[in-house]
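What follows is the residue order along each chain.
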Amino acid sequence: MNIENIKALAEIVSSHGLTTLEVEDGNTKIKLKKETQTAVLPIQPTVVSTPAAQPADSAATQSPAQDTTVDYSHLTEVKSPLVGVFYSAPSPDAEPFVTLGSGVKKGDILCIIEAMKLMNEITAEQDGEIIDICIKNGDIAEYGQVLFKLR
């Protein structure tokens, strides 16, 4: 394999939005991997109205509510870097890579997107916790579509 062939493969990776390409030609094996970056877009917080004040005697009998609110101003969206089929697990009978509430570290595999018979691993670009999975297993992921939300 000569340098022109390698340049042509790099152009294919770039022009088709692929993240990984592996090619074998005889004894030569080449793996091209393109690092992806996800854009973090600001999200407007949702305004939640508070209930009207209750008399003091009924408030004393209620237990305190757990704080389950999510600060939407500090979310990171993991977006699809290409168009393809979204897979939440490495095989149909395996456990998903992540679930709601899963803690992830930078570099952890979140999912696989299959494009043109190539399996592209989508990894976490930062530490965090999965608070939303925005796509279902087997659905088509569009370019730039939000796949996960991390906090």
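Residues numbered from 1 in each chain as written. Predicted model: local features only at pLDDT ≥ 70, side-chain atom pairs only at ≥ 80, totals over all residues. Heavy atoms only, no water.

Trainee: Can you break down the pairing of strand β7 (residues 118-123) residue by residue, with the values?
Mentor: Within a regular beta strand, the side chains point alternately toward one face of the sheet and then the other, so they alternate between its two faces. Note that strand β6 (residues 109-115) and β7 share 6 bridges and pair antiparallel. Looking at the pairing, isoleucine 109 lines up with threonine 123 of β7. Adjacent in sequence and paired antiparallel, β6 and β7 are bridged by 2 residues, among which methionine 116 carries a positive phi angle near 55 degrees. (Pairing = 2+ DSSP bridges. Helix = DSSP H or I, 4+ residues; strand = E, 2+ residues; numbered from the N terminus.)

Trainee: With reference to specific residues and values, describe a nonpolar patch on the surface.
Mentor: Where nonpolar side chains cluster on the molecular surface, the patch consists of Val83, Ile140 and Tyr143 and spans about 340 Å² of accessible area. You can see tyrosine 143 is positioned in the loop between β9 (140-141) and β10 (146-150). Residue tyrosine 143 is classed as exposed on the basis of its relative accessible area, which comes to 65%. (Patch = residues over 30% accessible without salt bridge, like charges linked within 9 Å, V, L, I, M, F, W, Y side chains within 5 Å. Areas by Shrake-Rupley, 256 points an atom, 1.4 Å probe, with all protein chains shown as cover. Salt bridge = Lys/Arg side-chain N within 4 Å of Asp/Glu carboxyl O. Buried < 20%, exposed > 50% of the residue type's maximum accessible area, 1.4 Å probe, protein only.)

Trainee: Give me the lowdown on the packing of aromatic side chains, citing residues and values where you can.
Mentor: For the structure on display, the rule yields 1 aromatic pair. Between phenylalanine 86 and phenylalanine 148, the ring centres sit 6.0 Å apart and the planes meet at 50 degrees, which makes this aromatic pair tilted. Of this pair, phenylalanine 86 sits in strand β4 (residues 84-87) while phenylalanine 148 is found in strand β10, placing the two residues 62 residues apart along the sequence. Among the residues examined, phenylalanine 86 registers a relative accessible area of 1% and is labelled buried. Relative accessible area serves as the criterion here: at 1%, phenylalanine 148 is assigned to the buried category. (Phe/Tyr/Trp six-rings, centres within 6.5 Å; stacked < 30°, edge-to-face > 60°.)

The analysis is restricted to geometry; functional conclusions fall outside its scope.
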